[in-house]
Amino acid sequence: ALSGRRRLGSVLDDLRDADNKKQSGLSALTDMEAVKNKVETARNALREVGSWERKVRECEQLVHGGRLVQALEQLVSLRGAVNAFKMLPEYSKKEAQLQQLEEHLMSTTRRKAKQAMDRNIPADLVACTEVFYEVFGPSKGSEESEGVAKAFMVDGARKAWEAQDPGSDGSAVALAGALSSSLQAIAQTFRERWTILQALDEACSKHTKGTAAGVNNESVVATSVRAALILVASKLDEVLVRTTGIEGHSERAGALLEEYLEGFAALASCPPMGEKEELWHQCCKECLDKPGEVLPWSLVRDVVKYMVLQPMEADVSSLLANVRAPNKASEAVLAAESSAKKLTQTYPAIWARHVEERNIAVLAPAWLAGIDAASATYWKEWTRLVSTFENTLNARADSQQGAFDGGLLSECIQLHSLLHDTISKQFSASQVQALQLAMKMNGATKTPLGLAIRQKMQVGEQWYQRLGAPSEEGLKAASALLSATLSTQSATTSSSSFVPGPKQAARALPSSASVLHKVEAQAKELVIACCLRPVSATLQDYGAERREWVAEGIVSPFMSGGNPMSCITSIGEHLFAVMPQLERPHDGSSEEVQWLPAILEAVVEQVLDHVLKIRRLTALGTQQLVTDLEYLHKICTALGSSDGAEQSAASKRLSEALEVVRFLFQQQQRQAEAAAKGEAFAEEPRGQPTNNNASEKRLEKTLRIAMGLPLASA
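## A word on the nonpolar core
In this structure, Trp367 and Trp382 are the most contacted members of the largest nonpolar core, which totals 198 residues. The element contributing the most residues to this core is helix H13 (residues 406–442), with 15 residues. Once residues within four sequence positions are removed from consideration, tryptophan 382 is found in contact with Val323, Ala336, Glu337, Ala340, Leu415, Leu418, Leu419, Ile423 and Val519.

Right, dumping it as structure tokens:
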């Protein structure tokens, strides 16, 4: 056992020695590998020392000779060779030398690229593009390559503008001349250089295809033309903003519009844009995150203001002369009816034709909003017509001491009938016509200028604010309506033959519809006021200290007794007298107006307002009040309900008031009986009121005070 143990220990010792020797050997091999690498680096450095200067001279000669692609290859070789000098002191010097050589190559490449563009040599420009992308990568390389084309196109446009620079002269002739010269120069330059631009575009596309987001994948053809157009637009915008106070804005807007129409048409027809419509779309593209406008907003605003809105405003102003004329009420209605017919039936088609003839049908949203604004202005002036009737009503009321004027009532009803029946139908038809014309304009043949304007109107909601005419809200509403209508339009239906549905048309001209609705409501109030004027005169002293309210005597055992006052019965007689005038024939083409319910409600409110003025009520006076209210309730029930219909609002209001008065009358009698017996008065509990609203509470409180009843339970 001892012998075996000694042998085992000997074996373990041998294994330890072998392991130590192995570790030592591995460490030695590692040291040898490091020495070997250093030797190889030194050998490479020694080998490159002799060839470095030669390669540098060769690269410089290639750059000077214009052989940029070969120079780039030599530069790439030098980049690999410079790593050999990392272990040597010359490394920083070699790296700086390489950096200078690269800068020399890029400055020469930029100069050669500009020369290639100037001399129209596609091959040289493509070679320069290869260098840009190899040195800078896709993003910076694309920027450098496009910059050459942009600079050339912009420089040509700038020279053309400066040759005709209007300076401080903002006249139509001066600006149109400068704009025409600049657009012609851009088109001419593009015709001469489109081949080299297309070659540059293909070279850039080869390097940017499939690259990550952030690299510009737009056509170089489009971006270079757009840069030139932005330059011209900025120059034009400066002059337009600086000369806003001059005369002749309308003529200037028209002249500049014509120049843009011709200039954009000529440019868009040049190859290859004539064959590829998407190129022109890219030329006109404007983005929120990129500065510059292809077409200045200042000009678009002037076009809308002076060529779309101004004709509408002028026509509406001429129509308003009839509404504003100080005619008699009856004559004013006839004149206003004639002008309203022109507005709703004639002018929309004229205004649409005017816009289409100027080739700005793409401004359909502004046109539709403009009609709404102009029409709203027109209908607001109809309040003057209503005021004419109000003045006549007040004057006759003063002279006739509140006597009923049947002739004036007929004229007021005629005015309301004109608004409610005739004009309402005409306006609904004009809504259909306006939306139909706007849809036709919106889908009209697209001119290059129209496409440019449409691009501006698709940049988020910013264009509402930038245009702002006639109003931001109006533009939003018109644009939303056209978009919604277009989405529901059948694919087989053309814009010219499309007829909007009632719900779609009802959304057109919202401001005008609102104003017209208010004018009609005023006319309705005028009819009611004409009917109520005799009632107001009759009730003038109803709530005062009349002897009937404070009369003393034996109270009838019934809730009411005697006859209603003469002023109350005259109200009933008056209402029956006006019924034939209010019940006019109805053709069913519009909703029939029910005059009596509104008139009865107003009568009841006037009577109850006078009741609130009563300061003292005896038991006999309260009984008279009940008699009067019951009479009125019968009148309202007879006139306000028909064919078993439910109780009218006026009848309900009187029922609530009678419930209050009757209850208080009972308490007033009980209080008198308790006082006669020398007993304390305790009010009976009242059941749940029919309608315990604020008006009923106010009536109860007033009558309690007048009757001498306590307020504690009120």
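## Quick look at the packing of helix H5 (residues 172–208) against helix H7 (residues 249–268)
Between H5 and H7, the shortest axis-to-axis distance is 9 Å and the interhelical angle comes to 5°. Considering their axes alone, H5 and H7 lie roughly parallel with respect to each other. Every residue of H7 that contacts H5 at Ala172, Leu175, Ala176, Leu179, Ser180, Leu183, Ile186, Ala187, Phe190 and Arg191 is listed here: Glu251, Arg252, Ala255, Leu256, Glu259, Tyr260, Gly263, Phe264, Ala266 and Leu267. For the contact of H5 with H7, the per-class residue count stands at 14 nonpolar, two polar and four charged.

## Structural notes on helix H4 (residues 122–163)
Here H4 contains 42 residues, and its C-alpha end-to-end distance of 29 Å is more than 12% below the 62 Å for a straight helix at 1.5 Å per residue. The sharpest bend along H4 reaches about 135° and sits at glycine 137, with the proline proline 138 one to four residues further on.

## Focus on the packing of aromatic side chains
Inspection of every chain in the model, using the stated rule, returns eight aromatic pairs. Plain terms: the ring middles of tryptophan 463 and tyrosine 464 are 4.4 Å apart, the flat faces sit at 45° to each other, and that makes the pair tilted. The class of tryptophan 463 is buried, set by a relative accessible area of 2%. The class of tyrosine 464 is buried, set by a relative accessible area of 10%. Among the aromatic residues, those joined into a cluster by ring pairs are Tyr260, Phe264 and Trp280. Positioned above the aromatic ring of phenylalanine 136, the side-chain terminus of lysine 140 is 5.9 Å from the ring centre.

## Some remarks on the pattern of salt bridges
Any two side chains of opposite charge can pair if their charged atoms end up close together. This structure, assessed with the given rule, holds 18 salt bridges. In the salt-bridge network here, residues are joined through shared partners; they are Arg110, Lys140 and Glu144.

## So, a nonpolar patch on the surface
Taken together, Leu8, Leu12 and Leu15 make up a surface patch of nonpolar side chains, about 300 Å² in accessible area. By the secondary structure assignment, leucine 12 is in helix H1 (residues 2–64). Residue class for leucine 12 comes out partly exposed when judged on its relative accessible area of 40%.

## Some words on the environment of valine 225
Along the polypeptide, valine 225 turns up in helix H6 (residues 220–242). On the basis of relative accessible area, valine 225 is assigned to the buried category, the value being 0%. When the C-alpha atoms of valine 225 and alanine 149 are compared, they prove to be 8.8 Å apart, with 76 residues separating the residues in sequence. If we ignore the near neighbours within four places in the chain, the residues touching valine 225 are Met153, Phe190, Leu267, Met273 and Cys283.

Conventions we followed
Residues numbered from 1 in each chain as written. Predicted model: local features only at pLDDT ≥ 70, side-chain atom pairs only at ≥ 80, totals over all residues. Heavy atoms only, no water. Core = buried A, V, L, I, M, F, W, Y, C linked by side-chain atoms within 4.5 Å. Buried < 20%, exposed > 50% of the residue type's maximum accessible area, 1.4 Å probe, protein only. Helix = DSSP H or I, 4+ residues; strand = E, 2+ residues; numbered from the N terminus. Contact = heavy atoms within 4.5 Å. Axes fitted to C-alpha atoms, helices over the stretch in contact; angles between N-to-C directions. Parallel < 35°, antiparallel > 145°, perpendicular 65-115°, else oblique. Nonpolar A, V, L, I, M, F, W, Y, C, P; charged D, E, K, R; others polar. Expected span 1.5 Å × (residues − 1). Bend = angle between axes of the 7 residues up to and from the residue. Phe/Tyr/Trp six-rings, centres within 6.5 Å; stacked < 30°, edge-to-face > 60°. Lys NZ or Arg CZ within 6 Å of the ring centre and 35° of its normal. Salt bridge = Lys/Arg side-chain N within 4 Å of Asp/Glu carboxyl O. Patch = residues over 30% accessible without salt bridge, like charges linked within 9 Å, V, L, I, M, F, W, Y side chains within 5 Å. Areas by Shrake-Rupley, 256 points an atom, 1.4 Å probe, with all protein chains shown as cover.

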